[in-house]
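Observations on the three-dimensional arrangement
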Amino acid sequence: MTGALPLVLPGTPAQAQELRLEADTPVATAGFYQLKWQAPGPVVLEEDDSPSFASPRIIYRGVDAARVMSGQRDGERYYRIKDEGGSLSSNIVKVTVQHHSLARAFSFFSLGATVFVSTLLLIGLGARTRD
Amino acid sequence: MDLVNTAILSPSIGWTILAAFSVLWVALGWYWGRHSDELDDYVLAGRRVGLALGTATAMATWVTSNTTMAAPQIALQMGIWGMLGYSLGAVGLFMFAPLASRIRRLMPSGYTSGDFIRLRYGVFAWRVFLLISLFYSLGWLVSMGMAGGILIHALTGIPYHYGMTVILAICVGYTLLGGFRAVIGTDFIQAILILSGVVVIAILAITQVGVDRIHEAVSRERPELLNLLMPASIMFLFNNLLFGVGEIFHSNVWWSRAFSFRRGVGFRAYTLAGLLWAPIPIVAGFIALAVPALDLNVPAADMVGPMIAAEILGTVGAVLVLIMVFSALSSSLDSLLAATSILVVEDVYRRHLRPQASAADMRRAAARIIVGLGVLTWLLCAPRLTTLAELLYFTGAFVASTIWPVAAGLFWKRANAAGAVTGMILGSVVGIISYWTIGFYVAALVGAAVSMACVLAASLLAPARFEWTTLAERHPATSGGPA
């Protein structure tokens, strides 16, 4: 393992077999998603705002095989895993966080409130009616 | 695939705890069930359950593995509103209180929720309802079997399939031995263990980690969890409330309790149970927000509860969590096994296959069905297809579609069969479409809304004139319980 840059570009068959990263959804409408990977040993999980990984953030280092991301704001995020030595790199995964609109959220809220109050009225009035 | 390679307890400790509690539950099951020879004793504890046991069993049954594991999952995914929204599941218990009272009065010899739907709306509505109810029961059983496997794997590293198998085998075993008396008796003990465990863990989470530290870390790493205008969590609020209402209104788990309580106990038992239950998911959910502060990696969202507790409390805490969640699982699995077996025995076995079955035949059939349900659950748990919350909320569209058919059926003479049937079918279909196209956090809400519209429209256009005395059917296989 030389670690030379051309050998760690995504898509090279040898690396793709050793380090493989995937996300459970490409678009997260509630700000949460799961990243899962296959690796022979400990990994470093990196996140960046661009696929070039010019300034990556390390968000996990360890031996587990997945990580849940949640509470994320709108935007595009790119992920990759590397082995502990940093010589091997996986494929790059893109996840877009795109929350529902507030208009949609409050529409559902109002609908739910209507059903709830109507059910309360049904039970309340029905319980008071003499059979 | 096993995702955790850093479990806090050793497999040998895990197996020891499981073995000790398994012996305890099975022994209690045998002890309490040794006089349950009559059908009413085996399936409804003789219809004489008092307030203390009644409250404990209602609360303990509603504190499922989902409360202790899915509630933290929802908090991790949906944040503050997710945590508070989960506690709205208590509303279902409060709202069922007047229903429990009415059910006991209108159906003194009733056995199942299926009996009610059959008498109220006829055979076709009854079959649609049975499909929904059995589907939901199976989904709930699978969620709990999965939770057992996930919990044990998260805390001890024992492979998922082993833990899941042990949990299911033990619960089937003591439910089989003791019937409904064993279910209610063990519920009381399990309720005490659950409440104690949750209080201890919450206090330690606040004192050891600190609210300020939790807040700072979440704001930095997962900011939307603190956003009170996070759209998905706003949509989740009434979805979870209506899901809980639907679960309780239709499920034979709760109807069987209503039939088993002494007269006058149901209303108070359900109200008290709701009050006792409501804080538990808030406490359980809160600890999930400590994930960023502890720099803990959570591989799957439904593992966050036990992982956080173990991280905060160390080995002792992990043992405490294992005992507490094992109790929660057991208290719900046994109730669900018992209630589902009653439903299948009464509504499928006797009503469809053997109308002349005696009480002894039905008691034997109940036992076989419990075993069969355990095996089927195991087969469905084995592939671990999804997370706990997503599985649970998949059933939401179906159960929420039964809210108005059940409630209107009990309180509104005009509610007719056409409205009930179209409500259940259309509510389920549209709810499931919304599950896939929008998210799991709207399926129950949509199902309930569509169902309500169908019941109202049909019943206003062609009102029925139902006679409530029709519901007081005497059961031919027994001498009938006290009126």
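Residues numbered from 1 in each chain as written. Chains lettered and ligands numbered in written order. Predicted model: local features only at pLDDT ≥ 70, side-chain atom pairs only at ≥ 80, totals over all residues. Heavy atoms only, no water.

Once that is clear, we can look at the overall build of chain B. Along chain B, the regular secondary structure elements total 22 helices and 0 strands. Across the 483 residues of chain B, 67% fall into the buried class. Intrachain contacts of chain B at a sequence separation of at least 6 include 87% that bridge at least 24 residues. For chain B, the exposed surface amounts to about 15,100 Å²; the carbon and sulfur share of it is 69%. (Helix = DSSP H or I, 4+ residues; strand = E, 2+ residues; numbered from the N terminus. Buried < 20%, exposed > 50% of the residue type's maximum accessible area, 1.4 Å probe, protein only. Contact = heavy atoms within 4.5 Å. Areas by Shrake-Rupley, 256 points an atom, 1.4 Å probe, with all protein chains shown as cover.)

Before going further, it helps to examine the pattern of salt bridges. Residues and elements named next belong to chain A. This structure, assessed with the given rule, holds 13 salt bridges over all chains. A salt bridge links Arg-80 to Glu-46; the nearest nitrogen and oxygen atoms lie 2.7 Å apart. Of this pair, Arg-80 sits in strand E7 (residues 75-83) while Glu-46 sits in strand E4 (residues 43-48), and the two are 34 residues apart along the sequence. Each of the two residues, Arg-80 as well as Glu-46, counts as buried. (Salt bridge = Lys/Arg side-chain N within 4 Å of Asp/Glu carboxyl O.)

In terms of nonpolar packing, the biggest core is built from 187 residues, with Phe96(B), Phe249(B) and Trp254(B) touching the most fellow members. Per-element accounting of this core gives the leading share, 24 residues, to helix H16 (residues 304-353) of chain B. In this view, Phe249(B) contacts Thr119(A), Ile123(A), Gly92(B), Met95(B), Phe96(B), Leu99(B), Trp255(B), Ile403(B), Val406(B) and Ala407(B); residues no more than four positions away in its chain are not counted. Ranked by size, the runner-up nonpolar core spans 17 residues in total, among them Leu19(A), Leu21(A), Ile59(A) and Val93(A). (Core = buried A, V, L, I, M, F, W, Y, C linked by side-chain atoms within 4.5 Å.)

Further remarks concern the pairing of strand E6 (residues 66-69) of chain A. All names here are of chain A. The side-chain alternation of E6 yields two buried faces, one formed by Ala-66 and Val-68 and the other by Arg-67 and Met-69. As paired strands, strand E3 (residues 33-38) and E6 are joined by 4 bridges and run antiparallel to one another. Bridge pairing in E6 links Lys-36 to Ala-66. (Pairing = 2+ DSSP bridges.)

This part takes up the sheet that holds E4(A). Residues and elements named next belong to chain A. With respect to topology, 5 strands assemble into an open sheet ordered E2-E8-E7-E4-E5, the strand pairing being mixed. Of all the strands in the sheet, the pair left with one neighbour each is strand E2 (27-28) and strand E5 (57-62). Pairing of E4 with E5, which is carried by 5 bridges, proceeds in the antiparallel orientation. Opposite Leu-45, over in E5, you have Tyr-60 as the bridge partner.

What follows is about the packing of aromatic side chains. In total, this model carries 22 aromatic pairs over all chains according to the counting rule given. With a centroid separation of 5.9 Å and an interplanar angle of 35°, the aromatic rings of Trp37(A) and Tyr60(A) are classed as tilted. Here Trp37(A) is found in strand E3, whereas its partner Tyr60(A) is found in strand E5, with 23 residues between them in sequence. Note on accessibility: Trp37(A) and Tyr60(A) belong to one class, buried. Taken together, a centroid distance of 5.1 Å and an interplanar angle of 85° make the contact between Phe394(B) and Tyr435(B) edge-to-face. Of this pair, Phe394(B) sits in helix H18 (residues 388-394) while Tyr435(B) sits in helix H21 (residues 417-437); the two residues are 41 residues apart in sequence, bridging distant segments of the chain. Residue classification places Tyr435(B) among the buried positions, given a relative accessible area of 10%. Within the aromatic cluster, the residues linked to one another by ring pairs are Phe32(A), Phe236(B), Phe243(B), Tyr393(B), Phe440(B) and Tyr441(B). Lying across the ring of Trp468(B), Arg102(B) places its NZ or CZ 4.7 Å from the centre. The ring of Phe466(B) carries the charged tip of Arg120(B) above its face, separated from the ring centre by 4.2 Å. (Phe/Tyr/Trp six-rings, centres within 6.5 Å; stacked < 30°, edge-to-face > 60°. Lys NZ or Arg CZ within 6 Å of the ring centre and 35° of its normal.)

Turning our eyes to something else, we now look at a nonpolar patch on the surface. A surface patch of nonpolar side chains, amounting to about 490 Å² of accessible area, comprises Val371(B), Val375(B), Leu376(B), Trp378(B), Leu379(B) and Leu380(B). Among the secondary structure elements, Leu376(B) is positioned in helix H17 (residues 359-381). (Patch = residues over 30% accessible without salt bridge, like charges linked within 9 Å, V, L, I, M, F, W, Y side chains within 5 Å.)

So, on to the environment of Thr156(B). Residue and element names in this part refer to chain B. Tracing the sequence through the fold places Thr-156 in helix H8 (residues 123-156). A relative accessible area of 3% places Thr-156 in the buried class. Along the primary structure Thr-156 and Ser-401 are separated by 245 residues, whereas in three dimensions their C-alpha atoms are 39 Å apart. Only 3.1 Å separates the side chain of Thr-156 from the backbone nitrogen of Ile-158, close enough to count as a polar contact. (Polar contact = N/O pair within 3.5 Å; in protein donor to acceptor, adjacent residues only side chain to side chain.)

Residue and element names in this part refer to chain B. One can describe the packing of helix H11 (residues 231-250) onto helix H22 (residues 443-461) by two numbers: an axis separation of 7 Å at closest approach and a directional angle of 65°. Regarding H11 and H22, the two cross each other, and that crossing is left-handed. From H11, Met-235, Phe-238, Asn-239, Leu-242 and Phe-243 reach across to H22, where they touch Ala-443, Ala-444, Leu-445 and Ala-448. Of the residues in the contact of H11 with H22, the class split is 8 nonpolar, 1 polar and no charged. (Axes fitted to C-alpha atoms, helices over the stretch in contact; angles between N-to-C directions. Left-handed = near helix turned anticlockwise from the far one by under 90°. Nonpolar A, V, L, I, M, F, W, Y, C, P; charged D, E, K, R; others polar.)

Time to look at the sheet that holds E6(A). Backbone hydrogen bonds hold the strands of a sheet together, and the pairing may be parallel or antiparallel. All names here are of chain A. Read across the open sheet, the 3 strands follow the order E1-E3-E6; overall the sheet is antiparallel. What marks the edges here is a single partner per strand, and that holds for strand E1 (20-23) and E6. Going from strand to strand, the sheet's axes swing by 15° on average, the running direction of each strand aside. Examined bridge by bridge, E1 and E3 share 4 bridges and lie antiparallel to one another. The residue of E3 that forms the bridge with Ala-23 is Leu-35.

A separate point is the side chain of Ser341(B). Residue and element names in this part refer to chain B. With respect to the secondary-structure elements, Ser-341 resides in helix H16. Classification of Ser-341 as buried rests on a relative accessible area of 2%. Beyond its immediate chain neighbours, meaning those up to four positions away, Ser-341 contacts Ala-366, Ile-369, Ile-370 and Leu-373.

So, about the interface of chain A and chain B. The interface is formed by 40 residues belonging to chain A together with 53 residues belonging to chain B. For the pair chain A and chain B, the summed buried surface comes to about 4,000 Å²; carbon and sulfur atoms form 71% of the total. Remark: the boundary between chain A and chain B carries 1 salt bridge. Across the pair Glu224(B) and Arg73(A) runs a salt bridge, and its minimum N-O distance is 3.7 Å. Seen at the junction of chain A and chain B, the total is 13 residue pairs in polar contact (both at pLDDT 80 or more). Of all the secondary structure elements, the ones that give two or more residues to the side of chain A that touches chain B are E3, E6 and helix H2 (102-128) of chain A. For the side of chain A that touches chain B, the leading source of residues is H2(A), giving 18 residues. When the residues that make up the side of chain A that touches chain B are grouped by side-chain class, the tally is 22 nonpolar, 12 polar and 6 charged. (Buried area = accessible area lost by both parts, 1.4 Å probe.)

Everything listed here is a matter of coordinates, which is why it stays silent on function.
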